[in-house]
Amino acid sequence: MDTYLGIAQSLTGRRWIGPGAEVERRAEAMAQSTGLPRPLCQTLARLGVPETEAEPYLEPSLRDLLPDPRSLRDMETAAGRFIAAVRARERIAIFADYDVDGGSSAALLIDWLRQMGLAATLYIPDRIDEGYGPNEPAMAELAAAHDLIICVDCGTLSHDAIAAARGADVVILDHHLGGETLPPALAVVNPNRQDETGDLAHLCAAAVVFLMLVEAGRQLRERGETRPDLMAMLDLVALATVADVAPLRGVNRAFVRQGLRIMAHRDRPGLVALSDVARLDTAPSAYHLGFVMGPRVNAGGRIGKADLGARLLATRDISEARSLAERLDQLNSERRDIEAGVRAAALAQAEARGLDAPLVWAAGEGWHPGVVGIVASRLKELTNRPAIVIGMDGDEGKGSGRSISGVDLGASIQRLAAEGLLIKGGGHRMAAGLTVARDRLEAAMERLSELLDRQGSGAAGPADLRLDGVLMPGAATVELVERIEAAGPFGAGAPGPRYVFPDMQIGFAKRVGDAHLKLRFGDGLSGQLDAIAFGAFDSPLGQALMSHGGARFHLAGRIGINEWGGRRSPQLQLEDAAPA
């Protein structure tokens, strides 16, 4: 693969990869036929947007992109049973996973039922004591006191637990990979069932719940009955979609785009309190959902009380929302401290094993099960390889994994479980969980590495930085940034664009805090641009640019808008550099 601008090893040790010839050709044709800015066309071409669909892509319409809920198996049955329970004022329980997707899914149902004058029992299992998904004692207890149990973001592989819910109907609304057989539930709505087409496999659980509520609203409308406003609930779907790393394509883009608009109105007490405790001074963006708000919602399930996040998202009480948000913020700080220790140990172990294998993995005694998923994500980002991190306790270990684009980790984990190398395991393409016996650990990881290698997980260079093209400081305007952002939101499955500013002269450089670098650069012709490089002094990047001695550099990163003192100006978030 050819390097971009000839950079085989940058200051951070990465190889620069530019757009291919076909992307360049399509971008040029799109710019000529549509009149859209070339950098925007470059992004659209990379994302695979056809020239004829460029304009509508920039304004995704939920009306046009929302799939028919009935295209999913068991949907009419699930919604019909749900409506029947509401009409009969039956006792409803919601069994949810302890992450953002599970909490958002539960909050959607609680909010909808509240507006229909009905309360529901919320049950979220303890990560350490009960583990992921429905368990037999909990389901039996819920069934004894409820008529309908709705499992959200879990349940598809829980055959014995669902069977234990005798006396109650069970409806499953999930998105995790299904097995060869389904549990004995009244309905299993899951785009990742083996008998589904896979067209909606990219939906998170909250999106599946939303579609069920769309179908419930349709059934109510056909009978002339009132129903809640679902559009006002898209903030929860947006949060779950981004935090669960669902690919931002198709209807997911519309969910997130519309959900962010709803969120900007600050109508949901839990999300308002969360934004305030995180000191957000602007309307939330997709970045904030994934890296600021999501981790705080997750903190309760990771190291605290499992239901804190769902309760925060569901509450209409402003005082309760503030209290819950503050508690989650505190837990998130504690989580960071715990994570730092596990991350250092896991990285050292993974480096000793080798970071260029198809699978990067680490396992340690007593590693907190609430942070192994985050550490796996860090290893994945560092190495561009699927990563598994496992906390050992006694004769077994519980672990979590994160994958890279194009490599289906969930299916491979599920195969390992079927082969008897795991006690249990499951997930979806980008994330998975597992429980493994201590004496099977090495064999399981060796087999998993083999399965992932077949999918090409070892082919990508661990140090590749993909770039969209060249940009000059004078062209990087607020207007251009806003046009490019219309191609978003960016995230999983649709990474935001990175540009190179070639042969730049650094006019000003200053260390900010412990590890960040602020600088101003220009080409001497078209103006200057401010830049910020977070964590620059954690690598050779910071020192090299700080003591540049008049040397010129190629500077690579993402352009955004800096809002300060009522002014808005373009700014480069610098990620890498190389001598010009």
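Source: prediction; values computed, not measured.

Rules of the game
Residues numbered from 1 in each chain as written. Predicted model: local features only at pLDDT ≥ 70, side-chain atom pairs only at ≥ 80, totals over all residues. Heavy atoms only, no water. Helix = DSSP H or I, 4+ residues; strand = E, 2+ residues; numbered from the N terminus. Rg over C-alpha atoms; globule rule 2.2 N^0.38 Å. Buried < 20%, exposed > 50% of the residue type's maximum accessible area, 1.4 Å probe, protein only. Contact = heavy atoms within 4.5 Å. Areas by Shrake-Rupley, 256 points an atom, 1.4 Å probe, with all protein chains shown as cover. Lys, Arg positive; Asp, Glu negative; His and termini not counted. Charge placed at Lys NZ, Arg CZ, Asp CG, Glu CD. Core = buried A, V, L, I, M, F, W, Y, C linked by side-chain atoms within 4.5 Å. Axes fitted to C-alpha atoms, helices over the stretch in contact; angles between N-to-C directions. Parallel < 35°, antiparallel > 145°, perpendicular 65-115°, else oblique. Left-handed = near helix turned anticlockwise from the far one by under 90°. Nonpolar A, V, L, I, M, F, W, Y, C, P; charged D, E, K, R; others polar. Patch = residues over 30% accessible without salt bridge, like charges linked within 9 Å, V, L, I, M, F, W, Y side chains within 5 Å. Salt bridge = Lys/Arg side-chain N within 4 Å of Asp/Glu carboxyl O. Pairing = 2+ DSSP bridges.

1. Concerning the overall build of the protein
1) Next: Helix and strand counts for the protein stand at 20 helices and 18 strands.
2) Next: Computed over its C-alpha atoms, the radius of gyration of the protein comes to 24 Å, within 12% of the 25 Å expected for a compact globule of 580 residues.
3) Next: Projected onto the principal axes, the alpha-carbon positions of the protein cover approximately 75 × 60 × 45 Å.
4) Next: Each of the 580 residues in the protein was classed as buried or not, and the buried ones make up 55%.
5) Next: A separation of at least 24 residues holds for 65% of the contacts in the protein among residues at least 6 apart in sequence.
6) Next: Working note: accessible area of the protein is about 24100 Å², and carbon and sulfur atoms make up 48% of it.
7) Next: Looking at the protein, you have 62 positive and 75 negative side-chain charges, and the mean spots of the two groups are 3 Å apart.

2. Some thoughts on the nonpolar core
1) Next: Residues Phe82, Leu109, Trp112, Leu173, Met212, Leu213 and Phe255 are the most contacted members of the largest nonpolar core, which totals 86 residues.
2) Next: No other element matches helix H9 (residues 205-222), which puts 11 residues into this core.
3) Next: Look past the residues within four positions of leucine 173 in its chain and what remains in contact with it is Ile150, Cys151, Val152, Asp153, Val189, Ala205, Val208, Val209 and Met212.
4) Next: Ala27, Leu40, Tyr499 and Phe521 belong to the second largest nonpolar core, which has 41 residues in total.

3. Quick word on the packing of helix H17 (residues 409-418) against helix H18 (residues 441-454)
1) Next: Interhelical geometry of H17 versus H18 gives an angle of 140° and a closest axis separation of 10 Å. Relative to H18, H17 is oriented oblique. When you trace H17 past H18, the crossing you get is right-handed. Taking contact as the criterion, the partners of Leu409, Ser412, Ile413, Arg415 and Leu416 in H17 are, on H18, Ala444, Arg447, Leu448, Leu451, Leu452 and Arg454.
2) Next: Of the residues assigned to the contact of H17 with H18, the class counts are 7 nonpolar, 1 polar and 3 charged.

4. With respect to a nonpolar patch on the surface
1) Next: On the surface, Leu5, Val470 and Met472 cluster together to form a nonpolar patch covering roughly 210 Å² of accessible area.
2) Next: Inspection of the secondary structure assignment puts leucine 5 in the segment before strand E1 (15-17).
3) Next: On the basis of relative accessible area, leucine 5 is assigned to the partly exposed category, the value being 37%.

5. A look at helix H10 (residues 234-243)
1) Next: With respect to burial, H10 is a largely interior element, 9 of its 10 residues being buried.
2) Next: For H10, every residue scored as buried is listed here: Leu234, Asp235, Leu236, Val237, Ala238, Leu239, Ala240, Thr241 and Val242.
3) Next: Where H10 terminates, the next one or two residues include valine 245, which has phi positive at roughly 60°.

6. Brief notes about the sheet that holds strand E8 (residues 387-393)
1) Next: Read across the open sheet, the 5 strands follow the order E7-E8-E9-E11-E10; overall the sheet is mixed. If you trace the sheet from one side to the other, it starts and ends with strand E7 (360-365) and strand E10 (424-427), each paired once. Put simply, the sheet's adjacent strands are angled 15° from each other on average, direction ignored.
2) Next: Here E7 pairs with E8 via 6 bridges, running parallel.

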